Amino acid sequence: MSETTVDRSDYSAQNIQVLEGLQAVRKRPAMYIGDVGSKGLHHLVYEVVDNSIDEAMAGYCDEIFVTIHKDNSITVRDNGRGIPTDMHEKEGRSALEVVMTVLHAGGKFDKDTYKVSGGLHGVGVSCVNALSRVLRVEVHRKGKIFAQEYDKGVPRYDVKEIGETDGTGTITTFWPDDEIFITTEYKYDTLATRLRELAYLNKGIRLTITDEREERDGGFLTETFFSEGGLKEFVTYLDGTREPLIPEPVYMMGEKAGTPIEIALQYNNSYNENVHSYVNNINTIEGGTHVAGFRRGLTRTLKNYAEKSGLLKHAKVEITGDDFREGLTAVISVKVQEPQFEGQTKTKLGNNEVTGVVDAAVGEVLGIYLEEHPREAKLIINKVILAATARQAARKAREMVQRKNVLSGTGLPGKLADCAITDPAQCELFLVEGDSAGGTAKQGRNRDFQAILPLKGKILNVEKAMEHKIYENEEIKNIFTALGVSIGTEEDDKALNLDKLRYHKIVIMTDADVDGSHITTLILTFFFRYMKELVEYGYVYIATPPLYLVKKGKDQEYCWTDEQRDEAIQRLKGNGREESVSVQRYKGLGEMNAEQLWETTMNPETRTLRQATIENAAECDHVFSMLMGDEVAPRREFIERNARYAKIDI
Ligand code: 0RA
């Protein structure tokens, strides 16, 4: 189509519509990308990458490059067909301009494209454009290079030809608007983790990330993610150092009733269930109908096989759905044309038709697997029987903890120094390493709203322990009773009952040394595995005691980093008097007196608390299995790599 045949009479009216659309996004950015913090900032990248993934799913692209530039601008480049640049009949402007400026226009003009990916909010690249100070797009297509630039979504000029090329593809560079975002600093690990996940979810696509802010042996920090085996490799990655029960994950990939389904599952020697699910590449944290279908198919198929093969003859206990999922690591990925997302965080699939489809697919493939692998089948069924036996013991232990909660007077642990206020929203519970630091904290606290629970040394490593052992552990029992929470019944999916939660801030306070961070990790692992809701609701925090006290005579400053310490030394040296400057390294909480502990670590006016959040559930699972597992080398490598970060994100 040539430009002269296009009716441009509507042009200005459409122009106004476009401006209104962009304005709406800039006025309520959170409605479109979730929030204007770090999460929303990273979401911009996912939105652009998703468009390239769509092009890859359509079969036209197999390489995607993401670059973080020095000024925190981002370039996403793919080798797809390039966004069409010819005139869009209805809109009277280049199709490229329409995609980049009209809300929800992306891909719509190409009905053949199987468009199912798309960010959580599925808002399209025009939102990224609206929220960028500047955006530049370059399209390599039909031997030519086209470009257009925008300020806050408004084109600077019509799409223009700027050169010739042999290749095809789309290159988008954007500068997030600092008038919109609280922070514009990208985190390499966050983007790399998402790209790794996308590589596993979309096998055959090569995703490369480069960080031009970080020099690495003559070049920049860079990683490439590529998976040939897809979810089969994802499951193996997630299990990390856990010991697999069967040699290879059970794997299925195909289409059922028009729904693409990919599933991989493996059993390991832990007692946890790690099922991660995705719809259109989005992590459905709250599960939904596809997960229900998976569970139903798994239980039904294993149960049928166990009964038919006579393997249940020795089992003296009743087997429930849970028992089929102990030590199970699985990833489920489905593509749904019109997904309905429900739940608190809109990450629960609601489409009812998906349950039966996934159930049937699991039944078919797992049924055949069991028939063809009798040795593996026996290993799995025996593990299930063992789980059922242990579950009985666990239920007894859990009920003991809960009964004690209800019966015994206040029901609170003797070691708890409770606070006076009873409104949970105002109350804080400090979990403190050791009785001695616990004593100092009791003296230093504000007893109106701060409660102290000292914990003995290292708490149980829940990553390795069986469930009933966990409910028998003194320290863990104390945490349960102090918090006032109970675990639901198995029918109820063991959902945590938070109605009686007594504190809305739960603060882990340990020494600022290796042992201390190990204890913090143990407690976080416990929360992540058994009280995930507390982390999801943002109730779990980590205290940050200072590392140094720099002193000169009566002047003193607390310091949390080496830089702060050096600055403090210079400052105090410069203040004239002839006394010498001393530096005290705090190794433990115990080296501070009550007043110092209050001032530096507990006083809401002066302290810094780090909130524990779950950024990426799958990666979190992988990291915990590694940190708490048996193998030392990967753990040491991880700790050394992350030692420089002040912040622990789980
Ligand atoms: C629709 C049609 C065509 C390409 C694309 C979408 C496309 C979009 C994006 C977004 C990022 N990278 C992309 N690559 C391609 C081409 C249709 C044709 O050539 O016939």
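Predicted model only: the values in this text are computed from it and were never measured. (Residues numbered from 1 in each chain as written. Predicted model: local features only at pLDDT ≥ 70, side-chain atom pairs only at ≥ 80, totals over all residues. Heavy atoms only, no water.)

**Examining the overall build of the protein**
Then, in step 1: In terms of regular secondary structure, the protein is built from 19 helices and 28 strands.
Then, in step 2: Here the protein has a C-alpha radius of gyration of 28 Å; the compact-globule value for 650 residues is 26 Å, and the two agree.
Then, in step 3: If one aligns the C-alpha atoms of the protein with their principal axes, the spans along those axes are about 85 × 85 × 50 Å.
Then, in step 4: Taken over 650 residues, the protein has a buried fraction of 54%.
Then, in step 5: Within the protein, contacts between residues at least 6 apart in sequence are counted, and of these 70% link residues at least 24 apart.
Then, in step 6: Surface exposure of the protein reaches about 30,100 Å², of which carbon and sulfur atoms provide 49%.
Then, in step 7: The average position of the 82 basic charges and that of the 102 acidic charges among the side chains of the protein differ by 5 Å. (Helix = DSSP H or I, 4+ residues; strand = E, 2+ residues; numbered from the N terminus. Rg over C-alpha atoms; globule rule 2.2 N^0.38 Å. Buried < 20%, exposed > 50% of the residue type's maximum accessible area, 1.4 Å probe, protein only. Contact = heavy atoms within 4.5 Å. Areas by Shrake-Rupley, 256 points an atom, 1.4 Å probe, with all protein chains shown as cover. Lys, Arg positive; Asp, Glu negative; His and termini not counted. Charge placed at Lys NZ, Arg CZ, Asp CG, Glu CD.)

**Here's the deal with unusual backbone geometry**
Then, in step 1: Look at N72: it is not a glycine, yet its phi comes out positive at around 65 degrees.
Then, in step 2: As for its placement among the helices and strands, N72 is situated in the loop between β1 (63–68) and β2 (74–78).
Then, in step 3: A residue is classified by how much of its surface remains accessible, and N72, at 12% relative accessible area, is buried.
Then, in step 4: Phi is positive for N280, which is not a glycine, with a value near 50 degrees.

**Some points on the confidence of the model for the protein**
Where the model shows low pLDDT, its predicted coordinates should not be examined in detail.
Then, in step 1: Looking at the protein as a whole, the pLDDT averages 89, with 91% of positions reaching at least 70.
Then, in step 2: Per-residue pLDDT stays below 50 along residues 1–6; that stretch engages in seven contacts with residues further than four places along the chain or on separate chains. (pLDDT = per-residue confidence, 0-100.)

**Some thoughts on helix α7 (residues 231–239)**
Then, in step 1: Among all positions in α7, only L231, F234, V235, Y237, L238 and D239 are buried.
Then, in step 2: Following α7 by one or two positions, G240 has its phi on the positive side, about 50 degrees.

**Observations regarding the packing of aromatic side chains**
The geometry of two aromatic rings is summed up by the distance between their centres and the angle between their planes.
Then, in step 1: According to the stated counting rule, one finds 10 aromatic pairs in the structure shown.
Then, in step 2: On the numbers, 6.0 Å between centres and 50 degrees between planes, the contact of Y471 with F480 is tilted. In this structure, Y471 and F480 share a single accessibility class: buried.
Then, in step 3: Aromatic pair F528 and F624: ring centres 5.1 Å apart, planes at 35 degrees, arrangement tilted. Taken together, the residues F528 in helix α14 (residues 514–530) and F624 in helix α18 (residues 617–628) connect sequence positions 96 residues apart. (Phe/Tyr/Trp six-rings, centres within 6.5 Å; stacked < 30°, edge-to-face > 60°.)

**So, the sheet that holds strand β25 (residues 548–552)**
Then, in step 1: Strand order across the open sheet formed by three strands is β26-β25-β27, with antiparallel pairing between neighbours. Each edge of the open sheet carries a strand with a single partner, namely β26 (555–559) and β27 (582–585). Pairwise comparison of adjacent strand axes, ignoring direction, gives a mean angle of 20 degrees for this sheet.
Then, in step 2: Pairing geometry for β25 and β27, over four bridges, is antiparallel. Note that in β27 the partner of L549 across the bridge is Q584.
Then, in step 3: Packing of helix α16 (residues 562–573) onto the sheet brings it into contact with β25, β26 and β27, and relative to β25 it is tilted by some 5 degrees. (Pairing = 2+ DSSP bridges. Axes fitted to C-alpha atoms, helices over the stretch in contact; angles between N-to-C directions.)

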